[in-house]
Amino acid sequence: MTSLQTGIVIGNPGNEYTVRSEGKDYPCRLKGRFKIKGIRTTNPIAIGDRVRFSIPEGYGESSSGKADLCCFITEILPRKNYIIRRSINLSKEAHIIGANLDRALLIVTINYPETPLTFIDRFLATAEAYGVEVALVFNKIDLYSDEEQQMLGQLCKMYEEIGYRCFSVSAIENEGMETLRQYVSRGVTLLSGQSGVGKSSIINALVPTASLRTASISSTHLAGVHTTTYSTMIDLPDEPDSFLIDTPGIKGFGTLDFDPKEVGHFFPEIFQVSKSCRFSNCTHTHEPGCAVNVAVEEGHISESRFRSYLSILEDKDEAKYREAY
């Protein structure tokens, strides 16, 4: 006889999932095949998912054979939101980074290494599409030259005017971390970004007991080194049911199944201006009377943001994802 319980997926080491229920962690496997809304994913269950799982009779007992009994996840409960990206090596499949999020932090760097603006905008657009609040965290400010500090100020101004909250921090020097700590103090917060931007260092500064492994970036290519190999939830001290989700660094961010007519909806400044376009289904690429193109020419919409918008329109070309990007 088995009993059913509800829990939250907090880790995915190897071929198992770690599910927390009523303060206890259970190693679980999948029972049957899972398919969410017809989307083919490399991970049918994501960190942050709420699931039902079965506990076999005698689980956890010390008598012979009992300790080997396994729990099985039998159902994924409805998600309130999630962050998803196109899998790099499998153009028709997706990878869910995290589910049931209160917010996401995109960790970026002006240099050491440089985070491409297109990467930032693709993440922001995906968060908009799937209903996730997101803030930008510019890390390693202690290393920036005067020119890089000036660029930092310009980018923060641009994104804040659009409506995104920005934090400027140095995890190593503990600069700006208290404000960030207050922002993530409750609920579930996902941290994402490219390798080498300092996600693990930021988590160590926010939760010193986490003791995550860190590594220096390549001095030759200023490229990051993977230190997180799988996503996991980290408890926030003194806050029940509050976590940080640490995720592996990613090279690029491919969007998935965006309707070209709706991409502009996920760029708040483009969506606002598009209401003045001559045609209601304007794609802002070739149509006469396009208010968005005028706004770009006049500097009211950033050229970098508009280029990011156009790059997402090109994502229907699946061949571009057959190689790392």
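Residues numbered from 1 in each chain as written. Predicted model: local features only at pLDDT ≥ 70, side-chain atom pairs only at ≥ 80, totals over all residues. Heavy atoms only, no water.

Student: Give me the pairing of strand 3 (residues 24–30): which residues, what numbers.
Tutor: Relative to strand 3, strand 2 (residues 17–21) is paired through five bridges, and the arrangement is antiparallel. Within the sheet, the bridge partner assigned to Val19 lies in strand 3 and is Tyr26. (Pairing = 2+ DSSP bridges. Helix = DSSP H or I, 4+ residues; strand = E, 2+ residues; numbered from the N terminus.)

Student: Describe the pattern of salt bridges, naming the residues involved and giving the relevant values.
Tutor: The final tally for this structure, using the stated rule, is twelve salt bridges. Linking Arg29 and Glu16 is a salt bridge whose minimum nitrogen-to-oxygen distance equals 3.5 Å. Of this pair, Arg29 sits in strand 3 while Glu16 sits in the loop between strand 1 (2–11) and strand 2, and the two are 13 residues apart along the sequence. You can call Arg29 partly exposed: its relative accessible area is 42%. A relative accessible area of 28% places Glu16 in the partly exposed class. Here Arg20 makes a salt bridge to Asp25, at a shortest N to O gap of 2.7 Å. A single network of salt bridges, built from pairs that share partners, joins Arg20, Asp25 and Asp235. (Salt bridge = Lys/Arg side-chain N within 4 Å of Asp/Glu carboxyl O. Buried < 20%, exposed > 50% of the residue type's maximum accessible area, 1.4 Å probe, protein only.)

Student: Tell me about the nonpolar core, residues and numbers included.
Tutor: Among the nonpolar cores identified, the biggest contains 48 residues, and Phe138 and Tyr159 are the most heavily contacted of them. With six residues, helix 2 (residues 146–162) is the single largest residue contributor to this core. For Phe138, the contacting residues outside a window of four places in its chain are Val108, Ile110, Leu152, Leu155, Cys156, Cys166, Phe167, Ser168 and Val169. By size, the runner-up hydrophobic cluster in this structure holds 21 residues, among which are Leu105, Val197, Ala205 and Leu244. (Core = buried A, V, L, I, M, F, W, Y, C linked by side-chain atoms within 4.5 Å. Contact = heavy atoms within 4.5 Å.)

Student: Give a description of the UniProt feature "binding site: Zn(2+)" (unreviewed entry) in the protein chain that names residues and reports values.
Tutor: The residues that UniProt annotates with the feature "binding site: Zn(2+)" (unreviewed entry) are Cys277, Cys282, His284 and Cys290. The exposure class of Cys282 is buried, given its relative accessible area of 9%. Not counting residues up to four positions away in its chain, the partners in contact with Cys282 are Cys277, Glu287 and Cys290. The topology assignment puts Cys290 in the loop between helix 5 (268–274) and helix 6 (291–297). If near-sequence neighbours (up to four positions away) are discounted, Cys290 is found in contact with Cys277, Cys282 and His284. (UniProt positions renumbered as here; feature names shortened; annotations may be inferred.)

Student: How would you sum up the environment of Glu262? Please name residues and give values.
Tutor: Assignment of secondary structure puts Glu262 in the loop between strand 13 (243–246) and helix 5. What makes Glu262 partly exposed here is its relative accessible area of 36%. Each C-alpha atom, one on Glu262 and one on Thr283, is 8.7 Å from the other, the two residues being 21 residues apart in sequence.

Student: Describe in detail the environment of Met177, supporting the description with residues and values.
Tutor: By the secondary structure assignment, Met177 is in helix 3 (residues 177–183). Met177 sits in the buried class, given a relative accessible area of 0%. Once the C-alpha coordinates of Met177 and Ala205 are considered, the two residues, 28 residues apart in sequence, prove to be 7.4 Å apart. Look past the residues within four positions of Met177 in its chain and what remains in contact with it is Val169, Ser170, Ala171, Ile202, Ala205 and Leu206.

Student: Explain unusual backbone geometry residue by residue, including any values.
Tutor: A negative phi angle characterises most non-glycine residues, just as the trans form characterises most peptide bonds. Cis peptide bonds are those with omega within 30 degrees of zero, and the linkage from Tyr112 to Pro113 qualifies with 0°. Its place among the elements puts Pro113 in the loop between strand 8 (103–108) and helix 1 (117–129). With phi around 50°, Glu22 is a residue other than glycine that occupies positive phi space. Following the sequence through the fold, Glu22 ends up in the loop between strand 2 and strand 3. A positive phi angle is found at Asp238, which is not glycine, with a value near 65°.

Student: So what's going on with the state of the cysteines? Residues and values would help.
Tutor: The term disulfide refers to a covalent linkage connecting the sulfur atoms of a pair of cysteines. Counted according to the given criterion, the structure contains zero disulfides. Distance from the sulfur of Cys70, which forms no disulfide, to the nearest cysteine sulfur (Cys71) is 6.3 Å. A residue is classified by how much of its surface remains accessible, and Cys70, at 16% relative accessible area, is buried. Left without a disulfide partner, Cys290 is nearest to the cysteine sulfur of Cys282, which lies 3.8 Å away. Since its relative accessible area comes to 5%, Cys290 is described here as buried. (Disulfide = S-S within 2.5 Å.)

Student: Describe helix 1, naming the residues involved and giving the relevant values.
Tutor: Across its 13 residues, helix 1 extends 18 Å between first and last C-alpha, which sits within 8% of the 18 Å expected from 1.5 Å per residue. Taken together, the buried positions of helix 1 are Phe119, Ile120, Asp121, Arg122, Phe123, Leu124, Ala125, Thr126 and Ala127. For helix 1, the secondary structure elements touched by its buried residues are strand 6 (82–86), strand 8, strand 9 (134–138), helix 2, strand 11 (188–192) and helix 7 (303–313). At the C-terminal side of helix 1, Gly131 shows a positive phi close to 75°. (Expected span 1.5 Å × (residues − 1).)

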